[in-house]
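# Observations on the three-dimensional arrangement
Given next are the chains, with one letter for each unit.
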Amino acid sequence: MKWATSKLAGYGTTIFAEMSALAVKTGAINLGQGFPDSDGPPEVLDAAVSAIRSGLNQYPPGLGVPELRKAIADHQKRFYGLQIDPEREVLVTAGATEAIASVLLGMLEVGDEVVVFDPMYDSYQACISLAGARAVPVLLTPGEDGRYHFDAAVLRAAISARTKLILLNTPHNPTGKVFTRVEMELIASLAKQHNLVVITDEVYEHLCFDGNTHIAMATLPGMRERTLTISSGGKTFQTTGWKIGWMSGPHSLVTAAKTAKQFLTYVNGAPFQPAMAVGLALPDSYYQSLAATLQIARDHLAKGLVAAGFTTYLPEATYFVTVDIRSVDSRGDGMAFCRSLPERCGVVAVPSEVFYAEPESGKHLVRFACCKQLAIIDEAVKRLANAFAQ
Ligand code: PMP
Ligand code: GLN
């Protein structure tokens, strides 16, 4: 690929595209890419249809339509008590993915460093690299308690004179970790001590289980002014294909991101933006039942994976359950395992190594998505049990 930029050397095709194509080709059950297999709330769908019918089909304003920006500000107030100015402190983007890209491209200088928790969502490293900067990973490892932890000393040591940002994702893909208050306070205190900005990707904010609570970084003392919060409607309203995301935070940070964003997509999703505003205004009961329903699906999947013989990490949140395959496959090669799984038993999963800065750290781990109908999950785990259970 002599024409491709060296900044993206080694990135190739994303694992989601590869594995979803494999699922289509083999007719396997797709528990790889994280997308729900049922529609979101009818009010939200209807609002998009009527927006299209009422002529909202041309470029929306650069910052996003006013009713969505207001709904985002209201949401931040309702769930986190944050006071956000919808005119100056909110930017609507093409999914959280574009929010992340525009923040990184709009803020980083060549040679800057970004502290990231490893594993991480796959676009982080690629976008840091496109910006000419360097990702400095801090490894998350599962402890005896089944929760993922990081070493505070490693986090401290990851910060250098070149560090500009800490890029945090909580609740976390792919581990399903919800960062605790103690962990968040440590990150916040280091950000303040070293004058860093924290970018938080909170797309799974409403998908917490077992009474775990998502803590928004911007709510910690002294963090409102140095945190840019990213989220999107894809997970919360089961509309991953609409790609409506957003960021909120200090005007100077939003403006830096907007400067890059306007040259990426300029604007996007005119009729979907007012529909997201309708979604964000749904009552608390909607959000509660979303998480409760997903928790049941998580339990079906996790129980089935245990029964099939996998060492299974129960996620505290998100769409994903991670397993260590070494209990059923002594080679412990997650990539090879996932590539052969559809043939072997008609199920698709994603090898977690693609999320690691050091792929070796996640070589034996595989991620299964639980955001599916219970009947689909039950069928998938039955197939896995037939193939692997002793
Ligand atoms: N961040 C994380 C952690 C994700 O898992 C995803 C994928 N759904 C995104 C960002 C991208 O979100 P969106 O589809 O809104 O671009
Ligand atoms: N966020 C989803 C996942 O982690 C899918 C994202 C994508 O397809 N790029 O599976």
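Please refer to the structure placed before this passage.
First, a word on scope: everything that follows refers to the structure included in this document. (Residues numbered from 1 in each chain as written. Chains lettered and ligands numbered in written order. Predicted model: local features only at pLDDT ≥ 70, side-chain atom pairs only at ≥ 80, totals over all residues. Heavy atoms only, no water.)

### Digging into the overall build of the protein
Keep this limit in mind: Think of it this way: any DSSP run of H or I at least four residues long counts as a helix, any run of E at least two long counts as a strand, and we number them from the N terminus. Exposure classes here rest on a 1.4 Å probe applied to the protein chains alone. A residue is buried below 20% of its type maximum, exposed above 50%, and partly exposed in between. The criterion used for residue contact is that any of the two residues' heavy atoms lie within 4.5 Å.
Scanning the protein for helices and strands turns up 13 helices and 15 strands. Taken along its principal axes, the extent of the C-alpha atoms in the protein is 60 × 55 × 50 Å. Scored against the burial criterion, the 390 residues of the protein give a buried share of 56%. Of the contacts formed within the protein by residues at least 6 apart in sequence, a portion of 74% connects residues at least 24 apart.

### Details of helix 4 (residues 95-107)
The criterion, for reference: To estimate the expected span of a helix, count its residues, drop one, and scale the result by 1.5 Å.
If you check helix 4, its first and last C-alpha atoms are 18 Å apart, about what 13 residues at 1.5 Å a residue would give, namely 18 Å. Counting buried residues in helix 4 gives 10 out of 13 residues, a clear majority hidden from the surface. When we look at burial in helix 4, the residues that qualify are Gly 95, Ala 96, Glu 98, Ala 99, Ile 100, Ala 101, Ser 102, Val 103, Leu 104 and Met 107.

### Concerning the pairing of strand 10 (residues 244-248)
What counts is decided by this rule: Strand pairing requires that DSSP identify at least two bridges connecting the strands.
With 5 of its 5 residues buried, strand 10 lies for the most part within the structure. Here strand 10 shows two buried faces, one formed by Ile 244, Trp 246 and Ser 248 and the other by Gly 245 and Met 247. Direction of pairing for strand 2 (residues 90-94) relative to strand 10: antiparallel, over a ladder of 5 bridges. Each bridged residue has a counterpart across the sheet, and for Leu 91 the counterpart in strand 10 is Met 247. Pairing geometry for strand 9 (residues 227-232) and strand 10, over 4 bridges, is antiparallel. Across the sheet, residue Ser 231 finds its bridge partner in strand 10, namely Trp 246.

### Description of the packing of aromatic side chains
Rules: Two rings from Phe, Tyr or Trp (for Trp, the six-membered ring) form a pair when their centres sit within 6.5 Å of each other. Planes less than 30 degrees apart are called stacked, planes more than 60 degrees apart edge-to-face, and all others tilted.
The tally for this structure, following the rule as stated, stands at 21 aromatic pairs. Taking the centre distance of 6.4 Å and the plane angle of 50° together, the rings of Phe 79 and Tyr 80 count as tilted. Of the residues examined, Phe 79 reaches a relative accessible area of 28% and is grouped as partly exposed. Consider the rings of Tyr 204 and Phe 320, whose centres lie 5.9 Å apart with planes at 80°: the pair is edge-to-face.

### So, the site of ligand 2
Condition: One heavy atom within 4 Å of a molecule or strand makes the whole residue count as near it. Polar contacts, as counted here, are pairs of nitrogen or oxygen atoms within 3.5 Å of one another; within protein the pair requires one atom able to donate a hydrogen and one able to accept it, and residues that are adjacent in sequence qualify only if both atoms are side-chain atoms. For every accessible area listed, the method is Shrake-Rupley and the probe measures 1.4 Å; residues are considered covered only by the protein chains on display. The residue classification treats Ala, Val, Leu, Ile, Met, Phe, Trp, Tyr, Cys and Pro as nonpolar and Asp, Glu, Lys and Arg as charged. All others, Gly included, are polar.
Taken together, the neighbourhood of ligand 2 is formed by Phe 16, Gln 33, Gly 34, Tyr 121, Asn 173, Tyr 204, Lys 235, Phe 320 and Arg 367. Here Gly 34 contributes a backbone N or O atom positioned 2.7 Å from an oxygen atom of ligand 2. Within the complex, the protein chains bury 83% of what would otherwise be the 300 Å² of accessible surface of ligand 2. Of the residues that constitute the shell around ligand 2, the class distribution is 4 nonpolar, 3 polar and 2 charged.

### Quick notes on the site of ligand 1
The full set of residues close to ligand 1 is Gly 95, Ala 96, Thr 97, Tyr 121, Asn 169, Asn 173, Asp 201, Val 203, Tyr 204, Ser 232, Lys 235 and Lys 243. Between an oxygen atom of ligand 1 and a side-chain N or O atom of Asn 173, the distance comes to 2.7 Å. With respect to ligand 1, the side chain of Lys 243 contributes an N or O atom lying 2.7 Å from an oxygen atom. Contact with the protein chains covers 93% of the free accessible surface of ligand 1, which is 390 Å².

### Regarding the sheet that holds strand 9
Our working rule: An axis is simply a line fitted to the C-alpha atoms; with a helix, the fit covers only the stretch in contact. Between two such axes, the angle follows the N-to-C directions and lies from 0 to 180 degrees.
Pairing in this open sheet of 7 strands is mixed, and the strands run 2-10-9-8-7-3-4 from one edge to the other. Since the sheet does not close on itself, it has two edges, and those belong to strand 2 and strand 4 (134-139), each with one partner. Averaged over all adjacent pairs, the angle separating strand axes in this sheet is 25°, with direction ignored. Where strand 3 (residues 113-118) meets strand 7 (residues 163-169), 4 bridges bridge the pair, whose relative direction is parallel. Note on strand 7: the bridge partner recorded for Val 115 is Ile 166. Across the sheet, helix 7 (residues 181-193) is in contact with strand 3, strand 7 and strand 8 (197-201); its angle to strand 7 comes to roughly 165°.

### A closer look at the pattern of salt bridges
Put simply, the rule is: Here, a salt bridge means any side-chain nitrogen of Lys or Arg that lies within 4 Å of a carboxyl oxygen of Asp or Glu.
The tally for this structure, following the rule as stated, stands at 16 salt bridges. Note that Asp 112 is salt-bridged to Lys 164, the shortest N-O span being 3.5 Å. In this pair, Asp 112 sits in the loop between helix 4 and strand 3 while Lys 164 sits in strand 7, placing the two residues 52 residues apart along the sequence. For Asp 333, the salt bridge goes to Lys 363, with nearest N and O atoms at 3.7 Å. Within this pair, whereas Asp 333 is found in the loop between strand 12 (320-324) and helix 12 (334-345), its partner Lys 363 is found in the loop between strand 14 (350-351) and strand 15 (365-369), the two being separated by 30 residues in sequence. Given the relative accessible area of 27%, Lys 363 is considered partly exposed. Through salt bridges that share partners, Asp 210, Arg 298 and Asp 299 make up one connected network.

### Some points on unusual backbone geometry
Note that the residue after Thr 170, namely Pro 171, is joined by a cis bond; omega there is -10°. Tracing the backbone through its elements, the reader meets Pro 171 in the loop between strand 7 and helix 7. Phi is positive for Asp 210, close to 55°, though the residue is something other than glycine. Unlike most non-glycine residues, Gln 238 shows phi in positive territory, near 50°. By the secondary structure assignment, Gln 238 is in the loop between helix 8 (233-236) and strand 10. On the basis of relative accessibility, which here comes to 22%, the residue Gln 238 falls in the partly exposed class.

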